[in-house]
Amino acid sequence: PKQASVVKAGKVFVVKKIRYRVIKVNGRKGSVTVKGVKGTVKKLVIPKKVVYKGIRFEVSAIDDRAFYKNRKIRRALIGTNIRLIGKMAFYGTKQLRYIDIKTKKLKVIGKKAFIGIYPAAKIKIPRTRKKKYIKLLANKQRVHKMEFSAFPLVLHLKIAAVPAPVVHTVVSDINLISRDGKLFT
């Protein structure tokens, strides 16, 4: 109870080089958004939950411009509680080569969230959310071209931006492809 009064909405704290902003606190539970990183991080792991001063926070969103033009991040793993990725969250993160979206709760991807990442980056998404997430990515990233390639199923998304990156979306758990390249779902 004493510690809960210390942590209020709007408080910013750092755990394992990731900065979080408190959205709400209710007793020993709460929710936070990812605000960015402190220091150098090459492999970004956004967890499902984080504990700060004895309070367990659910990590529910990534703020607008959280990793804007970060030159060091090469891999990002997005946890299972993320519901929103803010506008320009990974904009200009030129070294970002691989994104693994674990969450099945994602509702919103902000405009230009993945514009300016590594030109041949791969985004891995849950198979059960394939259509929904591809639509989210296509709508907000100004995708001009989508095409499928052979095993494993890779979706090439050509994004119109400067520089114009091509994002490869790897859909997990799909491994049934015939010799002539046709996909069995």
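Only a predicted model underlies this, so the values are computations on that prediction, with no experimental measurement involved.

Could you give an account of the overall build of the protein, with specific residues and numbers?
Helix and strand counts for the protein stand at 2 helices and 14 strands. Partitioning the contacts of the protein with sequence separation of at least 6, the portion at a separation of at least 24 is 49%. Total accessible area computed for the protein in this model is approximately 10300 Å², and 52% of it derives from carbon and sulfur atoms.

Explain the side chain of Thr93 residue by residue, including any values.
With respect to the helices and strands, Thr93 occurs in the loop between strand S8 (84-85) and strand S9 (98-101). Its relative accessible area of 0% is what places Thr93 among the buried residues. Among the polar contacts listed, one links the side chain of Thr93 to the backbone oxygen of Phe90, at a separation of 2.8 Å. Residues contacting Thr93, with those up to four places away along its chain left out, are Phe67, Lys69, Asn70, Ile73, Gly116, Ile117 and Tyr118.

Before we move on, could you go through the packing of aromatic side chains and cite the residues and values that matter?
Counted under the stated rule, the structure contains 6 aromatic pairs. Measuring from ring centre to ring centre gives 5.1 Å for Phe67 and Phe90, while their planes differ by 20°; the resulting arrangement is stacked. With Phe67 in the loop between strand S6 (55-62) and strand S7 (75-78) and Phe90 in the loop between S8 and S9, this residue pair connects regions lying 23 residues apart in the sequence. Of the two residues, Phe67 and Phe90, neither departs from the other in class, the shared state being buried. A centroid spacing of 5.5 Å and a plane angle of 10° characterise the contact between Phe90 and Phe114, whose relative ring orientation is stacked. Of this pair, Phe90 sits in the loop between S8 and S9 while Phe114 sits in the loop between strand S10 (108-109) and strand S11 (122-125), placing them 24 residues apart in sequence. You can call Phe90 buried: its relative accessible area is 0%. Members of the aromatic cluster, connected to one another through ring pairs, are Phe13, Tyr20, Tyr52 and Phe57. Sitting above the plane of the Tyr68 ring, Arg65 keeps its charged end 4.3 Å from the centroid.

Explain the pairing of strand S5 (residues 49-52) to me, using residue names and the numbers behind them.
Of the two faces of S5, only one is covered, namely that formed by Val50 and Tyr52; the face formed by Lys49 and Val51 stays uncovered. Both S5 and S6 contribute to a ladder of 4 bridges, which runs antiparallel. Along S6, the bridge assignment pairs Val50 with Phe57. Hairpin remark: S5 followed by S6, antiparallel, with 2 residues in the connecting loop; positive phi at Lys53, about 50°.

Hey, could you go over the confidence of the model for the protein for me, with residue numbers and the actual values?
For the protein, the mean per-residue pLDDT works out to 80, and 72% of the residues sit at or above 70. Of all helices and strands in the protein, the one with the weakest mean pLDDT is strand S12 (residues 143-149) (45), whereas strand S4 (residues 43-46) scores best (97). Taken together, the stretch residues 144-154 has pLDDT below 50 and engages in 31 contacts with residues farther than four places along the chain or on a different chain. In this model, residues 159-165 is a region of pLDDT below 50 whose contacts with residues beyond four sequence positions or in other chains number 19 contacts.

Before we move on, can you summarise the side chain of Asn81 with the specific residues and values?
Note that Asn81 resides in the loop between S7 and S8. Taking the relative accessible area as the measure of exposure, Asn81 reaches 3% and is therefore buried.

Could you give an account of the nonpolar core, naming the residues involved and the relevant values?
Core analysis: the biggest nonpolar cluster contains 42 residues, and Leu44, Ile62, Phe67, Ile85 and Phe90 have the highest contact counts within it. With sequence-adjacent residues up to four places away left out, Phe90 is seen in contact with Leu44, Ile62, Phe67, Ala76, Ile78, Ile85, Leu96, Ala113, Phe114, Ile115 and Ile117.

How would you explain the pairing of S6 if you had to name every residue and give the values?
Within S6, 6 of the 8 residues are buried, which leaves it mostly tucked inside the rest of the structure. Both strand S3 (residues 29-37) and S6 contribute to a ladder of 6 bridges, which runs parallel. Each bridged residue has a counterpart across the sheet, and for Thr33 the counterpart in S6 is Ala61. Pairing between S6 and S8: 2 bridges, direction parallel. Across the sheet, residue Ala61 finds its bridge partner in S8, namely Leu84.

The rules behind these values
- Residues numbered from 1 in each chain as written.
- Predicted model: local features only at pLDDT ≥ 70, side-chain atom pairs only at ≥ 80, totals over all residues.
- Heavy atoms only, no water.
- Helix = DSSP H or I, 4+ residues; strand = E, 2+ residues; numbered from the N terminus.
- Contact = heavy atoms within 4.5 Å.
- Areas by Shrake-Rupley, 256 points an atom, 1.4 Å probe, with all protein chains shown as cover.
- Buried < 20%, exposed > 50% of the residue type's maximum accessible area, 1.4 Å probe, protein only.
- Polar contact = N/O pair within 3.5 Å; in protein donor to acceptor, adjacent residues only side chain to side chain.
- Phe/Tyr/Trp six-rings, centres within 6.5 Å; stacked < 30°, edge-to-face > 60°.
- Lys NZ or Arg CZ within 6 Å of the ring centre and 35° of its normal.
- Pairing = 2+ DSSP bridges.
- pLDDT = per-residue confidence, 0-100.
- Core = buried A, V, L, I, M, F, W, Y, C linked by side-chain atoms within 4.5 Å.

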